[in-house]
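# Structure at a glance
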Amino acid sequence: MIDLRSDTVTKPTEAMRKAMYNAEVGDDVYKEDPTISKLEKLAAELLGKENALFVTSGTQGNQIAVLTHCVSGNEVLLEKDSHIFYYEGGAISAFTGVQTRTISGVKGAMNPDDVQAAIRGEDIHEPETGLICLENTHNRAGGAIIPVENMQAIFEVATNAHIPIHLDGARLFNAAVAEGKSVKEFTQYTDTVQICLSKGLGAPVGSIIAGSNEFITKARKWRKRLGGGLRQAGVLAAPGIIALTEMVDRLAIDHENAMYLAEGVNNISGLSVINAVDTNIVLVDTTDKGIPSNMYVEKLKEAGILAVSFGPTTVRLTTHFDINREQVNEALTAIQRI
Ligand SMILES: *Cc1c(COP(=O)(O)O)cnc(C)c1O
């Protein structure tokens, strides 16, 4: 099987497994796990924030960020196709008790004027705007890179209104590598950020949230409340350290493979690529094939390719560490045959 469902399917490398075996550990609820501390310090430095916290997943990291920034009854502004709105089971409403106000973006990027217009004023009838969430790269926009200039403009709007910004940076390293920038160039325009270690970076488990010391102290408490206080978690942090130190630059290979895949798909009659393929995600429109995407995904599976349905006539293909150029060619041959 050629598994193009997601970059979450990557298996830990041999170096990661060895690092897990050799990891020095302690009880991290007592802050006594040296490997966790090392990972958190490294991540905080890379992300340009005072402090960082290891969390079990990207979803948990985003949820803790909203819990820490907001109180129940607040309103959160976020893009209409953002992961926090679309794919987290309504958790910010269930846990923090906030309501969401969505803004339609272009390629995942919200217009700063729309954000400004959505911020609530001082009115006894209205909820208070508690948080603005950004997503970079933007998953449902096909791994689209949100330009730094757009983030800066929204940050200025937010700062003037004294509203914090949280960045869902599950795939922020993909954006940074594709643009030849450091992740700090993006995170400077945020108060807090979440990054996934277990997507393109290849670690088996975990995410990082980063922000001020004050934010992380409160976030640590929320993590404990949610049952995310881990004990000898250094075995999970060790591959995370390798993810951040050895796996970042190679994301460029995934991007090249995605672009190559997209060019191949565009040459197959009846299929067309919808997105610009900024990074490692290819969105394929199946309309001209005359069948819904879930049926097309079944046909792909019969031909040995795993993909996900991403809309009634949209299929998502994602390249990652465990997919090489030869497998991309095999996938294209199989798609051609279908
Ligand atoms: C995958 C993803 C998450 C959630 O990460 P999990 O570790 O799967 O919970 C959050 N945001 C975006 C944009 C994602 O792609």
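Residues numbered from 1 in each chain as written. Predicted model: local features only at pLDDT ≥ 70, side-chain atom pairs only at ≥ 80, totals over all residues. Heavy atoms only, no water.

Under the annotation held in an unreviewed UniProt entry, the chain carries the name Threonine aldolase and is attributed to Halalkalibacter okhensis. Regarding the chain, the relevant UniProt record gives this comment under Sequence similarities (unreviewed entry): "Belongs to the threonine aldolase family." Under the UniProt heading Cofactor (unreviewed entry), the note attached to the chain is "pyridoxal 5'-phosphate". (UniProt positions renumbered as here; feature names shortened; annotations may be inferred.)

With that out of the way, let us pick up the packing of helix α8 (residues 172-179) against helix α12 (residues 251-266). Each pair of packed helices can be described by the angle between their axes along with the distance between the axes. One way to put it is that α8 packs onto α12 with a least axis distance of 9 Å and a crossing angle of 80 degrees. Considering their axes alone, α8 and α12 lie roughly perpendicular with respect to each other. Residues Phe173, Asn174, Val177 and Ala178 of α8 form the contact with α12, whose participating residues are Leu251, Ala252 and His255. Classifying every residue of the contact of α8 with α12 by side-chain character gives 5 nonpolar, 2 polar and no charged. (Axes fitted to C-alpha atoms, helices over the stretch in contact; angles between N-to-C directions. Helix = DSSP H or I, 4+ residues; strand = E, 2+ residues; numbered from the N terminus. Parallel < 35°, antiparallel > 145°, perpendicular 65-115°, else oblique. Contact = heavy atoms within 4.5 Å. Nonpolar A, V, L, I, M, F, W, Y, C, P; charged D, E, K, R; others polar.)

Inspection of the secondary structure assignment puts arginine 171 in the loop between β6 (165-169) and α8. Among all residues touching arginine 171, those that are not within four sequence positions of it are Ser6, Asp7, Asn136, Thr137, Asn139, Lys199, Asn280, Ile281 and Arg316.

The positions UniProt marks with the feature "modified residue: N6-(pyridoxal phosphate)lysine" (unreviewed entry) are Lys199. The residue lysine 199 is located in the loop between β7 (192-196) and β8 (207-211) in this model. You can call lysine 199 buried: its relative accessible area is 13%. Residue contacts for lysine 199: discarding those within four places in its chain leaves Asp7, Thr8, Thr10, Ala170 and Arg171. (Buried < 20%, exposed > 50% of the residue type's maximum accessible area, 1.4 Å probe, protein only.)

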